[in-house]
Amino acid sequence: MNSVLVIGSGGREHAIVKCLLNSDKVDKAYCLPGNAGIAQIAETAPIGAMEFDKIVEFCKAHDDISLVVVAPDDPLSAGLVDVLEENGIRAFGPNKAAAIIEGSKAFSKDLMKKYDIPTAGYEVFTDYDKAVEYVKGAEYPLVVKASGLALGKGVIICESVNDAVDALDGIMLDKRFGEAGNTVVVEEFLVGKEVSILTFTDGKVVVPMVSSQDHKRVFDHDKGLNTGGMGAFAPSQAYTDEIAKEVEKKILIPTMNAMNSEGRPFKGVLYFGLMMTKSGVKVLEYNARFGDPETQAVLPLIDCDLYEVMNAIIDQRLSEVEVKFQNKSAVCVVMASGGYPESYPKGLEIKIGQIEDAYVYHAGTAIKDGKLVTNGGRVLGVSAVGEDIEDARVKAYKAVENISFDGVHFRRDIGKNL
Ligand code: AMP
Ligand code: GLY
């Protein structure tokens, strides 16, 4: 028996588990801690992603596990892959030294500057007074970012000096994002279409997956607060083959090489958040992992064995494996709790009717008294594959109509206005 273990509990992890189970070589999946939907296809246990000792113990107690996939940013940045490897457990994901590319925006900005990788102009500050002085003389809009991990919420777009000083107060003085705000990055505001390029890399080659786009704002027509992502679609219509070639040459390969030169070879999924500006494509951010919810639109299109790809990356023989995607489209609509991304209730019963031509990935769900209930801000991600985006969109929304819980909120324009 050959099993895999996936660390994490969201829609992304549900998609990774499902995709790994498609492999002929994988008989069974475990997921820690998982959620109610993942529990339908994998064995789950209440061990958190940051409980490294318990995860190691779990692996040692299950000798059928041949591969551990670390999906979320926190355990990657804290070095779970290193800890697993030290214990002789085969793990997929960047080690701590490489995961810094996401864990520190100050590091990633300096890396891009040093290796001429196009990105927004910026300054880094650890001193509050110096940061305030700088924003008083800057042009607006301006972007203020906590350097560390802040659940995607540590980025504040400022229209005026007042906004920027408020942002600095919140991040540096009030520590709204804790230690993540000890260092701030103040950045030029970029205008353009955003695209997410998830890539597989073993440090020798970098292979892009199908392009995708995330819808970050909570309401239709990109109104309201930023969220972790309200939906995604793949491929991005704006990301042409020509742009892809330029990005590979100016961004993907230089980034892989830069990490090697820094003595931090990156093995895993490297995510490039890109902005297509009038003066060329620029990097907004790097993530050291699969994106959420992009993964729920990208992995349904994969046309090769993910287990094999991950193993090839660990052994640095990715060039020997053919990474392929179907020539189709996918759309994922996130169903969120009312109130998200601010406060929201939990424990509300979810009713899922007949689902055809779509797959329901669980993000924040649990079982309470035998019933499926909400247990997070983003509750479900409903994904469908179609001949084109419109076909996938229609299928996904048809499935969404058959799902309900009190206060449910979802955008109606996912995959529209491409
Ligand atoms: P990040 O976590 O750095 O990707 O930022 C989150 C979101 O904020 C991005 O997906 C963009 O929508 C927005 N953002 C970040 N940096 C900039 C920038 N320099 N200019 C415009 N928008 C930005
Ligand atoms: N969807 C953006 C992220 O995963 O950070």
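Since this is a predicted model, take the numbers as computed values, not measurements.

**Student:** What am I meant to see in the pairing of strand S2 (residues 28-33) here?
**Tutor:** Both strand S1 (residues 3-8) and S2 contribute to a ladder of 6 bridges, which runs parallel. Residue Val 6 lies in a different strand from S2, and its bridge partner there is Cys 31. Note that the unit made of S1, helix H1 (residues 11-21) and S2 has a crossover that is right-handed. As paired strands, S2 and strand S3 (residues 43-44) are joined by 2 bridges and run parallel to one another. Paired with Cys 31 across the strands is Thr 44, a residue of S3.

**Student:** Looking at this model, I keep getting lost on helix H9 (residues 241-261). Mind explaining?
**Tutor:** At 3.6 residues per turn, the α-helix brings residues three or four places apart onto the same side. In a regular helix each residue adds 1.5 Å, so 21 residues correspond to 30 Å; H9 covers 28 Å between its end C-alpha atoms and thus fits that length. Along its length, H9 shows its largest kink, about 45°, at Glu 248. Taken residue by residue, H9 has Val 247, Ile 251, Leu 252, Pro 254, Thr 255, Met 256, Ala 258 and Met 259 as its buried positions. In this structure, the buried side of H9 is in contact with helix H5 (96-103), helix H6 (105-114), strand S10 (193-201), strand S11 (206-208), strand S16 (268-277) and strand S17 (280-287). Of the residues flanking the end of H9, it is Gly 263, one or two places downstream, whose phi is positive at about 75°.

**Student:** How do you make sense of the sheet that holds S1 when you look at a structure like this?
**Tutor:** A sheet is described by the order of its strands in space; here 5 strands give the open sequence S3-S2-S1-S4-S5, paired in parallel fashion. One side of each edge strand has no neighbouring strand; the edge strands of this open sheet are S3 and strand S5 (91-92). Lying on the sheet, H1 is in contact with S1, S2 and strand S4 (65-70); it crosses S1 at an angle near 170°. Seen against the sheet, helix H11 (residues 306-314) touches S1, S4 and S5 and runs at an angle of roughly 85° to S4.

Quick notes on the rules
- Residues numbered from 1 in each chain as written.
- Chains lettered and ligands numbered in written order.
- Predicted model: local features only at pLDDT ≥ 70, side-chain atom pairs only at ≥ 80, totals over all residues.
- Heavy atoms only, no water.
- Pairing = 2+ DSSP bridges.
- Helix = DSSP H or I, 4+ residues; strand = E, 2+ residues; numbered from the N terminus.
- Right-handed = clockwise from strand over helix to strand, strands pointing away.
- Expected span 1.5 Å × (residues − 1).
- Bend = angle between axes of the 7 residues up to and from the residue.
- Buried < 20%, exposed > 50% of the residue type's maximum accessible area, 1.4 Å probe, protein only.
- Contact = heavy atoms within 4.5 Å.
- Axes fitted to C-alpha atoms, helices over the stretch in contact; angles between N-to-C directions.

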